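# Summary of the model geometry
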Number of protein chains: 2
Amino acid sequence: MATKLSSRPNNRLPAQRADQFGAQVPGVDYGVLEDLVGYAIRRAQIRIYQDFLDALGQWSITPPRFSAMTIIDRNPGLKLTHLATAMGIARSGAVEVVNALEKLDYVRRVDAPTDKRAFALELTEPGHAALKGITAAIRRHDARISSKLSAAELGELRRLLALLG
Amino acid sequence: MATKLSSRPNNRLPAQRADQFGAQVPGVDYGVLEDLVGYAIRRAQIRIYQDFLDALGQWSITPPRFSAMTIIDRNPGLKLTHLATAMGIARSGAVEVVNALEKLDYVRRVDAPTDKRAFALELTEPGHAALKGITAAIRRHDARISSKLSAAELGELRRLLALLG
DNA sequence: TATTGTTATACTCTATAACTATA
DNA sequence: TATAGTTATAGAGTATAACAATA
């Protein structure tokens, strides 16, 4: 069994946070914040993140952990440095995420045959099973957050997001 | 003068992060991540955040700090608990952000006349001056990140974002 | 009793820098 | 020398819980 990191495993967003930052508090003047696209994105992301945590809390999974598991699963023989590059984080950050996933018994470090400094990352058996459930839950989560958009609107949203930044 | 919190003040995103999570690493299979709207939002937000830090680093300002300053500025007599509610965070988190802004000499706690437990939050003189510059920099940042979109597309993006989550 | 602000504690994500072992 | 992984240290954002002072 995976060791739970805590009873409320992840970033401890409070319950009331869901009411906020997507539905601003009435009576409060948010000034320029209302005009900023960046702020609109931020609010959307906070709402989405809250739903993510609600849906995934039982797996002790966070967005970066899910990204790491997925990338490890899809790229056999991946090394830690490559994982860091793929995720866009520092090597030390990749060590942390791999340590967390190892503690959960989702991921394993395996000696690399050709390089004694390195090792390959791979999912454990429980990790494979967990990733199936997690992926299904995340697909449902993703469908839920985008349920108010038509297929055409979703495509347009993706196109516009890709133009941002 | 505002005390700089550090030479690279904020969340220390590495320079190479800008290359990533919006332009995935070639040769890496991202699997289901590519399909998820939530992931597309996350990548957009990371790109935007990087630009935010590049533009605002000299002010020791982060998105939550900017939100707090703006809300304090626009809502005279605001109390700490109200700031927490407005920002959608716990009271203890509001204490932290106010402490940070106080250390920067941007915000001040003033005794509330009617309630001896509470106080009103307000910008200091340097805080007002800083907020002017910060706001201008953030407006430029916001224009920059959305420069590839037409006005109509921006409106559509806002509409679609509001439907998400 | 309930609320205001605070502090204690904890977890996640991220960074830079220095280090060890190996290439 | 350069690279792979690790550890040490640090900052920021967030949470829950308990507490003193006041309402």
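The text that follows walks through the structure, step by step, so that each part is easy to find. These figures come from a predicted structure and were not determined experimentally. (Residues numbered from 1 in each chain as written. Chains lettered and ligands numbered in written order. Predicted model: local features only at pLDDT ≥ 70, side-chain atom pairs only at ≥ 80, totals over all residues. Heavy atoms only, no water.)

### Remarks on the nonpolar core
The line we're drawing: Here, nonpolar core means buried Ala, Val, Leu, Ile, Met, Phe, Trp, Tyr and Cys residues that are tied together by side-chain atoms lying within 4.5 Å of each other. Between buried and exposed lies partly exposed: a residue is buried under 20% and exposed over 50% of the maximum accessible area for its type, with that area taken using a 1.4 Å probe on protein chains only. Numbering of helices and strands runs from the N terminus; a helix is a DSSP stretch of H or I covering at least four residues, while a strand is a stretch of E covering at least two.
In terms of nonpolar packing, the biggest core is built from 38 residues, with Ile61, Phe66, Ile71, Leu83, Leu101, Tyr106 and Ile134 of chain B touching the most fellow members. Those elements that provide at least two residues to this core are α1 (37–56), α2 (63–74), α3 (80–87), α4 (91–103), β2 (119–123) and α5 (125–145) of chain B. Counting residues in hydrophobic clusters, the runner-up holds 37 residues, among them Phe52, Leu53 and Val97 of chain A together with Tyr39 of chain B.

### So, the interface of chain A and chain B
Defined as follows: We call two residues contacting when some pair of their heavy atoms lies within 4.5 Å. By buried area we mean the combined loss of accessible area, with a 1.4 Å probe, across both parts when two parts are placed together. Think of a salt bridge as a Lys or Arg side-chain nitrogen and an Asp or Glu carboxyl oxygen that are within 4 Å of each other. Under the rule applied, a polar contact is a pair of N or O atoms within 3.5 Å (in protein, one hydrogen donor and one hydrogen acceptor; residues adjacent in sequence only if both atoms are side-chain atoms). Under the convention adopted here, Pro, Cys and the residues Ala, Val, Leu, Ile, Met, Phe, Trp and Tyr are nonpolar, Asp, Glu, Lys and Arg are charged, and Gly plus all remaining residues are polar.
Each side of the interface is counted separately: chain A has 58 residues, and chain B has 59 residues. Across the chain A/chain B interface, buried area totals approximately 5500 Å², and carbon plus sulfur atoms make up 63% of it. On inspection of chain A and its partner chain B, the count reaches six salt bridges. The partner of Arg159 of chain B in a salt bridge is Glu153 of chain A, and the shortest N-O contact between them spans 2.8 Å. The tally of links from chain A across to chain B stands at 20 residue pairs in polar contact (both at pLDDT 80 or more). Listed by contribution, the elements that provide at least two residues to the side of chain A that touches chain B are α1 (37–56), α2 (63–74), α3 (80–87), α5 (125–145) and α6 (151–163) of chain A. Its residues assigned to classes, the side of chain A that touches chain B comprises 30 nonpolar, 14 polar and 14 charged.

### Quick notes on the packing of α6 of chain A against α1 of chain B
Operational definition: All axes are obtained by fitting lines to C-alpha atoms, using only the stretch in contact for helices, and the reported angles, taken between N-to-C directions, cover 0 to 180 degrees. When an angle is under 35 degrees it counts as roughly parallel; over 145 it counts as roughly antiparallel; between 65 and 115 it counts as roughly perpendicular; any other value is oblique. Throughout, a crossing is termed right-handed when the near helix is turned clockwise from the far one, and left-handed when it is turned anticlockwise from it by less than a right angle.
Two numbers describe how α6 of chain A lies on α1 of chain B: the axes approach to 10 Å, and their chain directions differ by 20°. Considering their axes alone, α6 of chain A and α1 of chain B lie roughly parallel with respect to each other. Note that α6 of chain A runs across α1 of chain B; the crossing there is left-handed. Residues Leu154, Leu157, Arg158, Leu161 and Ala162 of chain A of α6 of chain A form the contact with α1 of chain B, whose own contacting residues are Val37, Ala40, Ile41, Ala44 and Arg47 of chain B. Residues of the contact of α6 of chain A with α1 of chain B, tallied by class, amount to eight nonpolar, no polar and two charged.

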